[in-house]
Amino acid sequence: MKPLADLVRPQVLDEVVGQQHLIAEESMLKKLLDVGHIPNMIFYGPSGTGKTTIANIIAKTSNKKIFKLNATEAKTSDIKDVISQIHTLEASNGILLYLDEIQNFNKKQQQTVLKYIESGEITLIASTTENPYFTIFGAILSRSTILEFKVLTLEDIALGLQRAFDFVNEEFMGNAASYEEAALTYMANMAGGDLRKALNFLEIAMYPNVKQDAFVLTVDVAKDCTQTAGFSYDKFGDVHYDTLSAFHKSLRGSDADAAIHYLARLINAGDLISICRRLLAVASEDVGLAYPQAVVITKACVDSAVQLGFPEANLPLAQAAVLLALAPKSNSTCLAIGAALADLKSGDVGEIPLHLKDSHYAGAAKLGRGVEYQYPHAFELNYVEQQYLPDALADRTYYEAGGNKTEQGFQTYWRELKEHLK
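Just so you know, these numbers come straight off a predicted model, no measurement behind them.

Calculation notes
- Residues numbered from 1 in each chain as written.
- Predicted model: local features only at pLDDT ≥ 70, side-chain atom pairs only at ≥ 80, totals over all residues.
- Heavy atoms only, no water.
- Helix = DSSP H or I, 4+ residues; strand = E, 2+ residues; numbered from the N terminus.
- Expected span 1.5 Å × (residues − 1).
- Buried < 20%, exposed > 50% of the residue type's maximum accessible area, 1.4 Å probe, protein only.
- Contact = heavy atoms within 4.5 Å.
- Axes fitted to C-alpha atoms, helices over the stretch in contact; angles between N-to-C directions.
- Parallel < 35°, antiparallel > 145°, perpendicular 65-115°, else oblique.
- Left-handed = near helix turned anticlockwise from the far one by under 90°.
- Pairing = 2+ DSSP bridges.
- Core = buried A, V, L, I, M, F, W, Y, C linked by side-chain atoms within 4.5 Å.
- Polar contact = N/O pair within 3.5 Å; in protein donor to acceptor, adjacent residues only side chain to side chain.
- Phe/Tyr/Trp six-rings, centres within 6.5 Å; stacked < 30°, edge-to-face > 60°.
- Lys NZ or Arg CZ within 6 Å of the ring centre and 35° of its normal.
- Salt bridge = Lys/Arg side-chain N within 4 Å of Asp/Glu carboxyl O.

Visitor: Hey, could you run me through helix α9 (residues 154-172) in this one?
Guide: Since one α-helical turn is 3.6 residues long, residues separated by three or four positions face the same way. Taking 1.5 Å per residue, 19 residues should reach 27 Å; α9 reaches 26 Å between its end C-alpha atoms and fits that length. Within α9, burial applies to D156, I157, G160, L161, A164, F165, V168 and N169. Looking at the buried residues of α9, the elements they touch are α1 (4-7), β6 (177-179), α10 (181-190), α11 (195-206) and β7 (215-217). Directly after α9, the chain includes G174, whose backbone phi takes a positive value near 60°.

Okay, here's the thing in structure tokens:
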């Protein structure tokens with residue numbers, strides 16, 4: 001028998017589960033198809049969300065000659081074979097090229113198609129699981145409509161499984177099979193938003209039993225068919241950067257539970273380096289002077305994790321994550337260095353004051369280097385007022401204290417010290 005996913009692949013948009021933001025009656029795509037206009041499109045989203053299915057349906061509605069290429073296998077010569085069909089009798093209405101996994105084409109290969117996209121001789125529908133803004137040639141992007149496919153919901157996948165079960169039951173099992181709702185729900189949950197994966201589970205469960213007089217898809221059967229399933233993670237794709245972003249923002253937002261969840265995803269992917277870098281960044285960027293010891297403790301946890309390796313590294317990583325999530329927050333130093341760097345880019349920031357310049361060499365005094373410098377430790381309370389910023393920035397304030405106890409304590413100390421000296 002053919003793969004179940006192929007047998008039950010929808011032939012019209014009404015049969016597609018999910019992606020209603022793209023194919024609902026009032027959607028932009030549906031309106032374009034209703035008037036017979038197919039623009040160049042890039043379908044972007046995770047595997048098993050309907051990109052190929054919808055592309056096939058759209059292709060069938062056109063009067064164009066259809067070619068399908070998979071960029072993981074296709075060569076430049078394959079593209080030239082498609083181009084050679086332009087203006088032939090068979091392709092008199094133009095060519096529609098469906099290019100799957102376009103991110104695997106290099107820039108030169110993408111440019112080969114570009115000329116014919118610009119002229120309208122080829123209409124391109126491309127799909128990719130990676131962010132098109134990072135992987136697709138800008139000239140193609142500017143001539144295409146980018147449609148993002150969302151991860152399917154549990155309900156979407158359960159509906160797709162139910163339809164597939166009914167198909168196999170009717171076509172091959174004489175309607176003698178039945179299922180437990182919990183079994184389909186379990187399979188849908190284990191698929192992680194990927195309908196194709198869910199249909200593969202169902203295929204494993206049903207195909208060996210098509211000749212049985214009666215078959216019941218139970219939760220136990222579903223568990224047997226999903227033993228190799230698990231959380232999927234691509235270290236080099238959008239999921240990686242999205243997970244790191246969610247991890248950082250959960251730590252910054254002081255949500256320990258969310259931080260631990262995203263940490264678990266990263267641990268599951270074995271991505272120790274990215275976890276360590278993110279924890280160290282948060283310790284200074286988001287906790288900062290509100291709890292100065294955070295960076296010290298985080299560094300100790302990171303060092304422990306690196307020395308231990310997985311799975312023992314899980315513990316110090318979790319310790320650091322919870323600490324950073326629950327610690328008071330301040331981005332005052334982050335803002336301060338950002339403002340200072342921005343000033344450097346903006347133009348003339350002035351000379352370093354003469355009294356601060358290096359004076360540890362013969363002849364420095366003749367040049368006025370360090371002559372008027374006042375050594376703070378020679379004064380009461382180890383402090384003396386003098387100008388440190390260049391003249392052009394003399395009144396510039398970079399650091400603004402946060403409202404936390406630690407920074408306010410520093411502010412109080414310096415305010416009282418200066419008032420005492422006055």
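Visitor: How do you make sense of the packing of α9 against α10 when you look at a structure like this?
Guide: Each pair of packed helices gets described by two things: the angle between the helix axes and the distance between those axes. Remark: α9 packs on α10, axes separated minimally by 9 Å, with the N-to-C direction vectors making an angle of 125°. With respect to each other, α9 and α10 are oriented oblique. Considering how the two elements wind past one another, α9 and α10 form a crossing that is right-handed. In contact with L154, I157, A158, L161 and Q162 of α9, α10 contributes L184, T185, M187, A188 and N189.

Visitor: Would you mind going over the side chain of H355 with me for this structure?
Guide: When you line up the elements, H355 lands in the loop between α18 (332-346) and α19 (405-421). Here H355 falls in the buried class, since its relative accessible area comes to 16%.

Visitor: Sorry if this is basic, but what is going on with the sheet that holds strand β1 (residues 41-44) here?
Guide: Adjacent strands of a sheet form backbone hydrogen bonds with each other and so pair up, either parallel or antiparallel. Taken in spatial order, the five strands of this open sheet run β2-β3-β4-β1-β5, and their pairing is parallel. The outermost strands of the open sheet, each flanked by one partner alone, are β2 (65-70) and β5 (145-148). Averaged over all pairs of adjacent strands, the angle between strand axes in this sheet comes to 15°, irrespective of strand direction. Across four bridges, β1 lies against strand β4 (residues 122-128) in parallel orientation. Bridged to Y44 within β4 is T128.

Visitor: I would appreciate a short explanation of the nonpolar core in the present structure.
Guide: One recurring pattern in soluble globular proteins is that nonpolar side chains are buried together. Within the largest apolar cluster, 29 residues are counted, with the highest numbers of intra-cluster contacts made by I157, L161, M187, L202 and L217. Where this core is concerned, the elements lending two or more residues are α1, α9, α10, α11, β7 and α12 (219-225). What L202 contacts, discounting residues up to four positions off in sequence, is L4, L161, A164, F165, L184, M187 and L217. Counting residues in hydrophobic clusters, the runner-up holds 27 residues, among them I83, I102, V113 and Y116.

Visitor: Just to check I follow, could you spell out the side chain of S27 for this structure?
Guide: As for its position among the elements, S27 is in the loop between α2 (20-23) and α3 (28-34). Polar contacts involving the side chain of S27 include one to the main-chain carbonyl oxygen of L22, which spans 2.7 Å. Leave out the neighbours within four places in its chain, and S27 touches H21 and L22.

Visitor: Just checking my understanding: could you explain the packing of aromatic side chains for this structure?
Guide: Evaluated as defined, the whole model comprises five aromatic pairs. Here F165 and Y179 contribute two aromatic rings whose centre-to-centre distance is 4.7 Å and whose plane-to-plane angle is 75°, an arrangement assigned as edge-to-face. A residue pair is termed long-range when its members are at least 10 positions apart, and F165 in helix α9 and Y179 in strand β6 qualify at 14 residues. Overall, the relative accessible area of 22% leaves Y179 in the partly exposed class. Among the aromatic residues, those joined into a ring-pair cluster are Y383, Y413 and W414. One cation-aromatic arrangement involves K65 over F67; the distance from NZ or CZ to the ring centre is 5.6 Å.

Visitor: Help me understand the pattern of salt bridges in this model?
Guide: Side-chain pairing between opposite charges can occur once the charged atoms of the two side chains come close. Here the structure, examined in full by the defined rule, presents 12 salt bridges. Where E148 meets K150, a salt bridge forms, and the shortest distance between an N and an O atom there is 3.9 Å. In this structure, D286 and R252 form a salt bridge, with 2.7 Å as the shortest nitrogen-oxygen distance. Of this pair, D286 sits in helix α15 (residues 272-287) while R252 sits in helix α13 (residues 238-252), and the two are 34 residues apart along the sequence. Salt bridges here are not isolated pairs; linked through shared partners, they connect E25, K30 and D34.

Visitor: Whenever I open this one, the packing of helix α16 (residues 293-308) against helix α17 (residues 314-326) confuses me. Can you help?
Guide: At their nearest, the axes of α16 and α17 sit 8 Å apart, and the two run at 160° to each other. For the element pair α16 / α17, the angle class is roughly antiparallel. Like other packed secondary-structure pairs, α16 and α17 cross with a definite hand, here left-handed. Judged by residue contacts, A294, I297, T298, C301, S304, A305 and L308 of α16 engage P316, L317, Q319, A320, L323 and L324 from α17.

Visitor: Explanation requested: unusual backbone geometry in the structure shown.
Guide: In this structure, P311 follows F310 across a cis peptide bond, with omega equal to 5°. Non-glycine residue L381 carries a positive phi angle of around 60°. Structurally, the position occupied by L381 is in the loop between α18 and α19.

Visitor: Please clarify how the pairing of β4 should be interpreted in this entry.
Guide: Looking down a regular strand, the side chains alternate between one sheet face and the other. Across the seven residues that make up β4, a large majority, seven, are buried. Going residue by residue along β4, you find I122, L124, A126 and T128 tucked away on one face and T123, I125 and S127 tucked away on the opposite face as well. In terms of strand pairing, strand β3 (residues 95-100) meets β4 through five bridges, oriented parallel. Considered in β4, the bridge of L99 is made with A126.

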